[in-house]
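Overview (structure and organization)
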Amino acid sequence: PDLKQGVVGAFAIVRLLAKVQVPSYCKAFPLECGPPFGYLDFNLLQQLVTYGLESFVGFGATAFALEYAFDRKWIGRFPSTTQSPPSE
């Protein structure tokens, strides 16, 4: 279960970071945009929250739907590609 949650989190974080657009008035290095935190303004916070929720809910729901379909045998998992060592 931890690996599956990690995969959902990894996909969501990558999508989140790809969607956020830093405004032109922000300094690039080090990132500084003004109040309330200096490095994040309300515009960036809104984008992080919106895209973060959207990503985690979307990928989480997809993972749940896949597990549900696997449990019901509606779809199957790919077979393992590991091979056992040759017997002597």
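These numbers come from a predicted model, not from an experiment.

**Some points on unusual backbone geometry**
- A positive phi angle, close to 65 degrees, is found at Lys73, a residue other than glycine.
- Tracing the backbone through its elements, the reader meets Lys73 in the segment after helix 2 (42-71).
- Overall, Lys73 belongs to the exposed group, its relative accessible area being 71%.

**A word on the state of the cysteines**
- Tallied over the full model, the rule gives 1 disulfide.
- One disulfide bridge connects Cys26 with Cys33, the sulfur atoms lying 1.9 Å from each other. Disulfide Cys26 to Cys33: torsion about the S-S bond roughly 125 degrees, handedness right-handed.
- Assessed through its relative accessible area of 11%, Cys26 is described here as buried.
- Overall, the relative accessible area of 10% leaves Cys33 in the buried class.

**Considerations on the packing of aromatic side chains**
- For the structure on display, the rule yields 3 aromatic pairs.
- Both rings, one in Tyr68 and one in Trp74, keep their centres 5.5 Å apart while their planes meet at 75 degrees; by these two values the pair is edge-to-face.
- Overall, Tyr68 belongs to the partly exposed group, its relative accessible area being 36%.
- Grouped by ring-pair contacts, the aromatic residues Phe64, Tyr68 and Trp74 constitute a single cluster.
- When the ring centre of Phe70 is taken as reference, the NZ or CZ atom of Arg77 above it lies at 4.1 Å.

**Details of the environment of Arg15**
- Within the element layout of this structure, Arg15 appears in helix 1 (residues 2-19).
- Overall, the relative accessible area of 28% leaves Arg15 in the partly exposed class.
- Ignoring any residue separated from it by four or fewer positions in sequence, one finds Arg15 in contact with Tyr51, Glu54, Ser55 and Phe59.
- Of the polar contacts made by the side chain of Arg15, one reaches the side chain of Glu54; its length is 2.9 Å.
- Side chain to side chain, Arg15 and Ser55 meet in a polar contact 3.0 Å long.

**What about the nonpolar core?**
- Judged by nonpolar contacts, Leu16, Val20, Cys26, Cys33, Leu40 and Leu44 together constitute the single largest core of 6 residues.
- Look past the residues within four positions of Leu16 in its chain and what remains in contact with it is Gln47, Leu48, Tyr51, Gly52 and Ser55.

**Considering the packing of helix 1 against helix 2**
- At a minimum axis distance of 9 Å, the contact between helix 1 and helix 2 shows a crossing angle of 145 degrees. The chirality of how helix 1 crosses helix 2 is right-handed. Together, Lys4, Val8, Gly9, Phe11, Ala12, Ile13, Arg15, Leu16 and Lys19 of helix 1 and Gln47, Leu48, Tyr51, Gly52, Glu54, Ser55, Phe56, Phe59, Gly60, Ala63 and Glu67 of helix 2 make up the contact between the two elements.
- Residue composition of the contact of helix 1 with helix 2, grouped by class: 10 nonpolar, 5 polar and 5 charged.

Reading the values: the criteria
Residues numbered from 1 in each chain as written. Predicted model: local features only at pLDDT ≥ 70, side-chain atom pairs only at ≥ 80, totals over all residues. Heavy atoms only, no water. Helix = DSSP H or I, 4+ residues; strand = E, 2+ residues; numbered from the N terminus. Buried < 20%, exposed > 50% of the residue type's maximum accessible area, 1.4 Å probe, protein only. Disulfide = S-S within 2.5 Å. Phe/Tyr/Trp six-rings, centres within 6.5 Å; stacked < 30°, edge-to-face > 60°. Lys NZ or Arg CZ within 6 Å of the ring centre and 35° of its normal. Contact = heavy atoms within 4.5 Å. Polar contact = N/O pair within 3.5 Å; in protein donor to acceptor, adjacent residues only side chain to side chain. Core = buried A, V, L, I, M, F, W, Y, C linked by side-chain atoms within 4.5 Å. Axes fitted to C-alpha atoms, helices over the stretch in contact; angles between N-to-C directions. Left-handed = near helix turned anticlockwise from the far one by under 90°. Nonpolar A, V, L, I, M, F, W, Y, C, P; charged D, E, K, R; others polar.

Geometric values such as these leave the question of function open.
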